[in-house]
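# An overview of the molecular structure
Here is how the chains run, residue by residue.
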Amino acid sequence: MSQITMAEALAVRAAINRLINQLMSERLNNSSTIIEKGETAEYPTRSVDAITEEIEAAAADYRKLDLLMAISNTTQTIPWNGSDITIMEAIELAKQIRSDIGQLAHLGSRKKLERQSSRGSGDGAITLFNVALYDPDAYQAQARKKEREVTKLSSLIEHANHTSLITFDASKYME
């Protein structure tokens, strides 16, 4: 049995998924035809049963590859902040950091004091202000720091994807 890298496995899994979708579409297209009364139906070169068998085989390969990838992601580790974390944890951590960056950047882009609106008119008019209860510059700096962090983490994950090997025969899906 041949081995592929995790990076190749990601591409192969996507290719299998596309193939399954194409085969399902083909199966629907080959499942019926319209004829006039008294005519004989012309059968497509590939039967619905044959296409169904291909779908089942590809789906089995997809499940097997997905499982092997999950096992690899839960056993392979990368160094992070003084300890080792699994690739699966690193992927989730990267998602969480990216989510946090979005909010930190939003908070960092706000002004410390912004005019909101005015109520009333004339001498009785009241001007309302939205006051940030934090330092926007500090949050902008945190967003930049976390952006560098997640870039480093993503780089470590990518490196692991190119060095981690899984045993899977991908010859049907790639040359």
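These lines cover the structure that appears in this document, whether it is placed above or below.

### Some words on the packing of helix 1 (residues 6-29) against helix 2 (residues 48-75)
- With their axes 9 Å apart at the nearest point, helix 1 and helix 2 run at an angle of 155° to one another. In this view, helix 1 runs roughly antiparallel relative to helix 2, as classed from their interaxial angle. The interaxial crossing formed by helix 1 with helix 2 has left-handed handedness.
- In the contact of helix 1 with helix 2, the residues fall into 17 nonpolar, four polar and six charged.

### Considering helix 2
- With 28 residues, helix 2 extends 40 Å from end C-alpha to end C-alpha; this agrees with the ideal 40 Å at 1.5 Å per step.
- For helix 2, the set of buried residues is Ile 51, Ile 55, Ala 58, Asp 61, Leu 65, Met 69, Ser 72 and Asn 73.
- Here the buried face of helix 2 lies against strand 1 (3-5), helix 1, strand 3 (83-86), helix 3 (87-109) and strand 6 (165-167).

### So, the pairing of strand 3
- Here strand 2 (residues 77-80) runs beside strand 3; their pairing, made up of four bridges, is antiparallel. Bridged to Ile 78 within strand 3 is Ile 85.
- Connecting strand 2 to the next strand, strand 3, in antiparallel fashion are two residues, including Asn 81 with a positive phi near 50°.

### Here's the deal with unusual backbone geometry
- One non-glycine residue with positive phi stands out, namely Asn 81, at about 50°.
- As for its placement among the helices and strands, Asn 81 is situated in the loop between strand 2 and strand 3.
- For Asn 81, a relative accessible area of 68% puts it in the exposed group.

### Considering the side chain of Thr 5
- Within the secondary structure, Thr 5 is located in strand 1.
- With residues near it in sequence (within four places) discarded, Thr 5 still touches Asn 161, His 162, Ser 164 and Leu 165.

### Focus: the packing of aromatic side chains
- Going through the model one piece at a time under the given rule, you end up with one aromatic pair.
- Where Tyr 134 meets Tyr 139, the ring centres are 4.9 Å apart and the plane angle is 70°; that geometry is what we call edge-to-face.
- Given the relative accessible area of 15%, Tyr 134 is considered buried.

### Some thoughts on the nonpolar core
- Within the largest apolar cluster, 16 residues are counted, with the highest numbers of intra-cluster contacts made by Ile 4, Ala 9, Val 12, Ile 16, Leu 65 and Phe 168.
- Where this core is concerned, the elements lending two or more residues are helix 1 and helix 2.
- Considering every element that reaches this core, the biggest residue donor is helix 1, with six residues.
- When sequence neighbours within four positions are dropped, the list of residues in contact with Leu 65 reads Ile 4, Ala 9, Val 12, Arg 13, Ile 16, Ile 166 and Phe 168.
- In this structure, Ile 87, Leu 153, Leu 156 and Ala 160 belong to the second largest nonpolar core, which totals 13 residues.

### With respect to the environment of Ala 141
- Here Ala 141 lies in helix 4 (residues 136-163).
- Ala 141 gets classed as partly exposed once you look at its relative accessible area, which sits at 35%.
- Taking the C-alpha atoms as reference points, Ala 141 and Phe 129, separated by 12 residues in sequence, lie 24 Å from one another.

### Focus on helix 3
- Counted at 1.5 Å a residue, the expected span for helix 3 with its 23 residues is 33 Å, and the 32 Å between its end C-alpha atoms agrees.
- Turning to helix 3, its buried residues are Ile 87, Ala 90, Ala 94, Ile 97, Ile 101, Leu 104, Leu 107 and Gly 108.
- Contacts from the buried residues of helix 3 go to helix 2, strand 2, strand 3 and helix 4.

Conventions and cut-offs
Residues numbered from 1 in each chain as written. Predicted model: local features only at pLDDT ≥ 70, side-chain atom pairs only at ≥ 80, totals over all residues. Heavy atoms only, no water. Axes fitted to C-alpha atoms, helices over the stretch in contact; angles between N-to-C directions. Helix = DSSP H or I, 4+ residues; strand = E, 2+ residues; numbered from the N terminus. Parallel < 35°, antiparallel > 145°, perpendicular 65-115°, else oblique. Left-handed = near helix turned anticlockwise from the far one by under 90°. Nonpolar A, V, L, I, M, F, W, Y, C, P; charged D, E, K, R; others polar. Expected span 1.5 Å × (residues − 1). Buried < 20%, exposed > 50% of the residue type's maximum accessible area, 1.4 Å probe, protein only. Contact = heavy atoms within 4.5 Å. Pairing = 2+ DSSP bridges. Phe/Tyr/Trp six-rings, centres within 6.5 Å; stacked < 30°, edge-to-face > 60°. Core = buried A, V, L, I, M, F, W, Y, C linked by side-chain atoms within 4.5 Å.

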